[in-house]
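# Architecture at a glance
Residues per chain are reported as follows:
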Amino acid sequence: MSTPLNTEHFWMPFSANRQFKSKPRLMVAAEGMHYTTDDGRKILDGTAGLWCVNAGHSHPKIVSAIQQQAAKMDFAPTFQMGHPLAFEAATALVSISPSGLNRVFFCNDGSEGVDTALKIALAYHRVRGDGMRHRLIGRERGYHGVGFGGISVGGIAGNRKHFGPALPAVDHLRHPLNIAKNAFSRGLPEHGAEMADELEQRLLALHDPSTVAAVIVEPLQGSTGVILPPKGYLQKLRSICDKYGILLIFDEVITGFGRLGNAFAADHFDVVPDMIVCAKGLTNAAVPMGAVIVKQEIHDAFMSAAPENTIEFFHGYTYTAHPLACAAAIATIDVYKEQKLFERAADHASYFEDAAHSLKGLPFVKDVRNLGLVCGIELESIPGKPGSRAFDVFLKCFWEQGVLIRTTGDIIALSPPLIIEKQQIDQLFGSIANVLKAQ
Ligand code: PMP
């Protein structure tokens, strides 16, 4: 028998720690589409870890790149110096980014990426002599990580309520989810583009538009339940931002790296933001890394504003462009290209969509929303016990069906690795169907 687990010291994030006093679920190995638990069960990964292992677990090419780099050079600073992989990783990332976005600021995760992007936005207006622009606008049900910037522009009360007022001068648009009109629509909802007009109304009625620095949205809201942008919605946001000189930031921490069948959701929706925040799939989650990909004009503004030989942007992390993360990112982007994983996701999207919609009509299924290889299944809540129905499905999928799904409230969210096979798509949705039928 293995030594009993000491659960006295690790403070589990976003967890009801007291539930796990005896023992949490434990994963001990992972390969391709599967995890292995400590009791030797194989679990099909329907969530790519936390929406991040897009190329499948422990990809040999990524593993080997990290191992080689660890043996060669563990760390090098990037303040006023660098190492070749930092520049190579940025070049690789730009090679798959929308055209015009070609300068990369590296950080360690999505939360740092969001805070970095917000700081770039605020500083950009200042360096151009437009320092009145200090307001930031996010969206209800937006998730932008857990930094003070991210929880401020994010639209989730639970993430903010214990931490005081956070950033001042932040406003939130309403989210565009409208189940009454769009339930079970396939792909993008038909109704709701007009929700974007709220941005212009708020700018004119509540704020002087010349005080607004940036609007930040997830093009597809992931962790609060897969909320898709209605047709034309993002285009409207783009044109309102353009009209008033406001930067548009896409938080693509979930949608980046093939989730929707393109490198970025910006390509999928054909809307180019001024900055993209990414993380997760950037290194296939093998080493933590995030990045902000910035339009050339924004970078140029910093370069031309500051006097020679001064630091243009006072920001950075000890681990900005960490050599192991850079090695992982370069190898991961190679894997995406060599295995054509974004195209593969696009090819499998309609099969995934059909499988998702096969759940329509099963007990308690209130809505199915999908795009690319992401899907949200919203269940009727049990009165007085929000989230408990979906969590029960999660437990049964894990223990009885050998499938890992994710839930947020009473919404099941699925985002498998892009390497998923058709019969695994059947297994994933079939398992959820089995559990729902037995409710
Ligand atoms: N933005 C979005 C859209 C996310 O989904 C997440 C994480 N799920 C983050 C930011 C924060 O990323 P991290 O947890 O890596 O800090």
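The name an unreviewed UniProt entry assigns to the chain is Aspartate aminotransferase family protein, from the organism Undibacterium terreum. UniProt annotates the chain under Cofactor (unreviewed entry) with the comment "pyridoxal 5'-phosphate". In its Sequence similarities (unreviewed entry) section, the UniProt entry covering the chain states "Belongs to the class-III pyridoxal-phosphate-dependent aminotransferase family."

## What about the overall build of the chain?
Looking only at helices and strands, the chain features 15 helices and 15 strands. What you see for the chain is a C-alpha radius of gyration of 22 Å, in line with the 22 Å of a compact globule of 439 residues. With the C-alpha coordinates aligned to their principal axes, the bounding extent of the chain is approximately 65 × 55 × 45 Å. Nonlocal contacts in the chain, meaning residues at least 24 apart in sequence, comprise 72% of its contacts between residues at least 6 apart.

## Remarks on the nonpolar core
By size, the foremost hydrophobic cluster in this structure holds 127 residues, and its most contacted members are Val215, Ile249, Ala291, Ala328 and Ala329. Per-element tally for this core: the top contributor is helix H12 (residues 323-338), with eleven residues. When neighbours within four sequence positions are excluded, Ala328 is seen to be in contact with Ile62, Ala65, Ile66, Thr283, Asn284, Ala286, Val287 and Met289.

## What about unusual backbone geometry?
Not every positive phi belongs to a glycine, and Phe184 is a case in point at roughly 60 degrees. Following the sequence through the fold, Phe184 ends up in the loop between helix H7 (179-182) and helix H8 (197-205). Classification of Phe184 by C-beta neighbours within 10 Å gives partly exposed; the count is 16.

## Quick notes on the site of the ligand
Every one of the 14 residues lining the ligand counts as a neighbour, but Asp109, Gly110, Ser111, Gly145 and Val253 are closest to it. Sort the elements by how many residues they give to the shell around the ligand and helix H4 (residues 110-127) lands first, with three residues. Considering only residue class, the shell around the ligand consists of five nonpolar, six polar and three charged.

## Side note on the domain arrangement of the chain
In terms of domains, the chain is made up of domain 1 (17-55 + 340-437) and domain 2 (63-338). Here the C-alpha centre of domain 2 lies 26 Å away from the C-alpha centre of domain 1. Sorting the residues of the side of domain 1 that touches domain 2 by element identifies helix H1 (48-51), helix H13 (341-357), strand S11 (365-371), strand S12 (374-379) and strand S15 (411-414) as the ones contributing at least two each. No other element matches the seven residues that H13 contributes to the side of domain 1 that touches domain 2.

## Focus: the sheet that holds strand S13 (residues 403-404)
The four strands are arranged S1-S2-S3-S13 in an open sheet whose pairing can be described as mixed. The sheet is open, and its two edges are formed by strand S1 (27-31) and S13, each paired on a single side. Where strand S2 (residues 34-37) lies against strand S3 (residues 42-45), three bridges are found, and the strand directions are antiparallel. Within S3, the position partnered with His34 by the bridge is Leu44.

## Looking at helix H14 (residues 388-401)
Along its 14 residues, H14 runs 19 Å from first to last C-alpha, staying within 8% of the 20 Å computed at 1.5 Å per residue. For H14, the set of buried residues is Arg389, Ala390, Val393, Cys397 and Gln401. In a view along the axis of H14, the buried residues occupy a sector of 95 degrees, so they form one face of it. In the core, the buried residues of H14 are packed alongside S12, S13, strand S14 (406-408), S15 and helix H15 (422-437). Following H14 by one or two positions, Gly402 has its phi on the positive side, about 70 degrees.

## Comments concerning the sheet that holds S12
Reading across from one edge, S11-S12-S15-S14 is the order of the four strands in this open sheet, with antiparallel pairing throughout. The open sheet has two free edges, formed respectively by S11 and S14, since each of these has just one partner strand. The mean inter-strand angle of the sheet, taken between neighbouring strand axes irrespective of direction, is 20 degrees. Pairing between S12 and S15: four bridges, direction antiparallel. Bridged to Cys375 within S15 is Leu414. On top of the sheet, H13 reaches S11 and S12; it is set at about 175 degrees to S11, its chief contact.

## Things to note about the environment of Phe163
Turning to its location among the elements, Phe163 is positioned in the loop between helix H6 (157-160) and strand S6 (170-173). When the C-alpha positions of Phe163 and Ile151 are compared, they lie 9.4 Å apart, and in sequence the two are twelve residues distant.

## Re the packing of H13 against H15
Angle between the axes and distance between the axes are the two parameters that describe a pair of packed helices. At a minimum axis separation of 9 Å, H13 and H15 run at an interaxial angle of 20 degrees. Taken together, the axes of H13 and H15 are roughly parallel relative to one another. In this structure, H13 crosses over H15, and the sense of that crossing is right-handed. Seen from H13, the contacting residues are Tyr351, Phe352, Ala355 and Ala356; seen from H15, they are Lys422, Ile425, Asp426 and Phe429. Class assignment for the residues of the contact of H13 with H15 results in six nonpolar, no polar and two charged.

## Thoughts on the pairing of strand S5 (residues 135-139)
Most of S5 is tucked away: five of the five residues are buried. Covered by surrounding structure in S5 are Arg135, Ile137 and Arg139 together with Leu136 and Gly138, the residues of both alternating faces. With three bridges connecting them, S5 and strand S7 (residues 212-217) associate as parallel partners. Opposite Arg135, over in S7, you have Val212 as the bridge partner. The pairing of S5 with S6 spans four bridges and is parallel. Residue pairing for S6: Ile137 is matched across the bridge by Asp171.

## Re the packing of H14 against H15
Contact geometry for H14 and H15: axes closest at 10 Å, N-to-C directions at 115 degrees. Between H14 and H15, the interaxial angle falls into the category roughly perpendicular. H15 is crossed by H14, and the crossing has right-handed handedness. Listed contacts from H15 to Val393, Lys396, Cys397 and Gln401 of H14 are Ser431, Ile432, Asn434, Val435 and Leu436.

Calculation notes
Residues numbered from 1 in each chain as written. Predicted model: local features only at pLDDT ≥ 70, side-chain atom pairs only at ≥ 80, totals over all residues. UniProt positions renumbered as here; feature names shortened; annotations may be inferred. Helix = DSSP H or I, 4+ residues; strand = E, 2+ residues; numbered from the N terminus. Rg over C-alpha atoms; globule rule 2.2 N^0.38 Å. Contact = placed C-beta atoms within 7 Å. Core = buried A, V, L, I, M, F, W, Y, C linked by C-beta atoms within 7 Å. Buried ≥ 20, exposed ≤ 12 C-beta atoms within 10 Å, placed from the backbone. Near = placed C-beta within 6 Å. Nonpolar A, V, L, I, M, F, W, Y, C, P; charged D, E, K, R; others polar. Domains from an automatic or database assignment. Pairing = 2+ DSSP bridges. Expected span 1.5 Å × (residues − 1). Arc of directions from axis to C-beta. Axes fitted to C-alpha atoms, helices over the stretch in contact; angles between N-to-C directions. Parallel < 35°, antiparallel > 145°, perpendicular 65-115°, else oblique. Left-handed = near helix turned anticlockwise from the far one by under 90°.

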